[in-house]
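The lines below spell out each chain.
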Amino acid sequence: VIAVPERRGPPLYMLEATDHKPFVTESDGSFRLENLEGGKRFNLRVQRAGYADVSLPGVPAPTEEPLQIEMKPARALSGQVVGPEGEPVADALISSVTETRIGESSSRGSHGLGRTDPEGRFRVTGLTQGSLDLEVSAEGYTSRRLQGLQIPADKDLEGLRIVLQRGALLDVQV
């Protein structure tokens, strides 16, 4: 049994588990997955409008005790991507970037969050509070990375202006 406590409103959550169809929790936020293969691990994902998704990889079946999952209010990030003269950059890709270092080696991953509209505006939802590294890229411009962007706990981060520089061109003929 997994309980998902809720502070406001009825706790109806969409839940997905490995090898199972998505389903909605009980009105108290609890759910039960039965007849699972013992010793197998399952990936769980919980969603609710207005809250950041929660992913739990590798949950063993059976669990020793009921799991408690805390969902945090989702935050948004919005702003505009412009070029060096202030012109809007349409269709720029906004991605979150993670970098993991183990000893002397490192690995980098990115996850696309969305694209800018024709006026260069963007809005990314479903974020949690804390530090976020972004990368912004668009055809004809050099990519820009913003590290340590702080998403506040109590409000959305709005009005971010990201300036991209024009990319250089290298013509080659072989």
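Heads up: the structure comes first, above all this text.
Residues numbered from 1 in each chain as written. Predicted model: local features only at pLDDT ≥ 70, side-chain atom pairs only at ≥ 80, totals over all residues. Heavy atoms only, no water.

1. Details of the overall build of the chain
Stage number 1. When helices and strands are counted, the chain shows 0 helices and 14 strands.
Stage number 2. Ordered by position from the N terminus, the helices and strands of the chain form the series β-β-β-β-β-β-β-β-β-β-β-β-β-β.
Stage number 3. Projected onto its principal axes, the C-alpha positions of the chain cover 60 × 45 × 30 Å.
Stage number 4. Taking all 174 residues of the chain together, 32% fall into the buried category.
Stage number 5. Contacts in the chain between residues at least 24 apart in sequence constitute 53% of all its contacts with a sequence separation of at least 6.
Stage number 6. Carbon together with sulfur atoms contributes 47% to the accessible area of the chain, which is approximately 11400 Å² in total.
Stage number 7. With 20 positive and 25 negative side-chain charges, the chain shows a separation of 3 Å between the mean positions of the two kinds. (Helix = DSSP H or I, 4+ residues; strand = E, 2+ residues; numbered from the N terminus. Buried < 20%, exposed > 50% of the residue type's maximum accessible area, 1.4 Å probe, protein only. Contact = heavy atoms within 4.5 Å. Areas by Shrake-Rupley, 256 points an atom, 1.4 Å probe, with all protein chains shown as cover. Lys, Arg positive; Asp, Glu negative; His and termini not counted. Charge placed at Lys NZ, Arg CZ, Asp CG, Glu CD.)

2. With respect to the sheet that holds strand β12 (residues 130-137)
Stage number 1. Spatial strand order, β10-β9-β12-β13: 4 strands in an open sheet with antiparallel pairing. Sheet topology places β10 (105-115) and β13 (144-151) at the edges, where each strand pairs with a single neighbour. Each strand axis lies, on average, 35 degrees off the axis of its neighbour in the sheet, ignoring direction.
Stage number 2. Examined bridge by bridge, strand β9 (residues 93-102) and β12 share 4 bridges and lie antiparallel to one another. Bridging across to β12, Ile 94 finds its partner in Val 136. (Pairing = 2+ DSSP bridges. Axes fitted to C-alpha atoms, helices over the stretch in contact; angles between N-to-C directions.)

3. As for the environment of Gln 80
Stage number 1. Its location among the elements puts Gln 80 in strand β8 (residues 75-82).
Stage number 2. Separated by 83 residues in the primary sequence, Gln 80 and Val 163 place their C-alpha atoms 8.6 Å from one another.
Stage number 3. Discounting residues that sit within four places of it in the chain, Gln 80 has contacts with Pro 88, Glu 119, Gly 120, Arg 121, Phe 122, Leu 160, Arg 161 and Ile 162.
Stage number 4. At 2.7 Å, the side chain of Gln 80 and the backbone oxygen of Glu 119 are in polar contact. (Polar contact = N/O pair within 3.5 Å; in protein donor to acceptor, adjacent residues only side chain to side chain.)

4. Quick notes on the nonpolar core
Stage number 1. By size, the foremost hydrophobic cluster in this structure holds 19 residues, and its most contacted members are Leu 77, Val 81, Phe 122, Val 136, Ile 162 and Leu 164.
Stage number 2. Counting residues per element, the ones that place at least two in this core are β8, β11 (121-127), β12, β13 and β14 (157-163).
Stage number 3. With 5 residues, the next largest nonpolar core counts Val 46, Tyr 51, Val 54 and Met 71 among its residues. (Core = buried A, V, L, I, M, F, W, Y, C linked by side-chain atoms within 4.5 Å.)

5. Overview of the pattern of salt bridges
Stage number 1. Using the criterion set out here, one finds 7 salt bridges in the structure.
Stage number 2. For the salt bridge of Glu 119 with Arg 121, the shortest nitrogen-to-oxygen distance reads 3.1 Å.
Stage number 3. Glu 119 sits in the partly exposed class, given a relative accessible area of 37%.
Stage number 4. Via salt bridges that share partners, Glu 85, Glu 87 and Arg 166 belong to a single interconnected network. (Salt bridge = Lys/Arg side-chain N within 4 Å of Asp/Glu carboxyl O.)

6. Examining the sheet that holds β8
Stage number 1. Taking strand neighbours across the sheet as the criterion, the 3 strands line up as β11-β8-β14 in an open arrangement whose pairing is mixed. The open sheet is flanked by β11 and β14, the only strands paired with a single partner. Across the sheet, the mean angle from the axis of one strand to that of its neighbour is 25 degrees, orientation sign disregarded.
Stage number 2. Alignment of β8 against β11, held across 5 bridges, turns out to be antiparallel.

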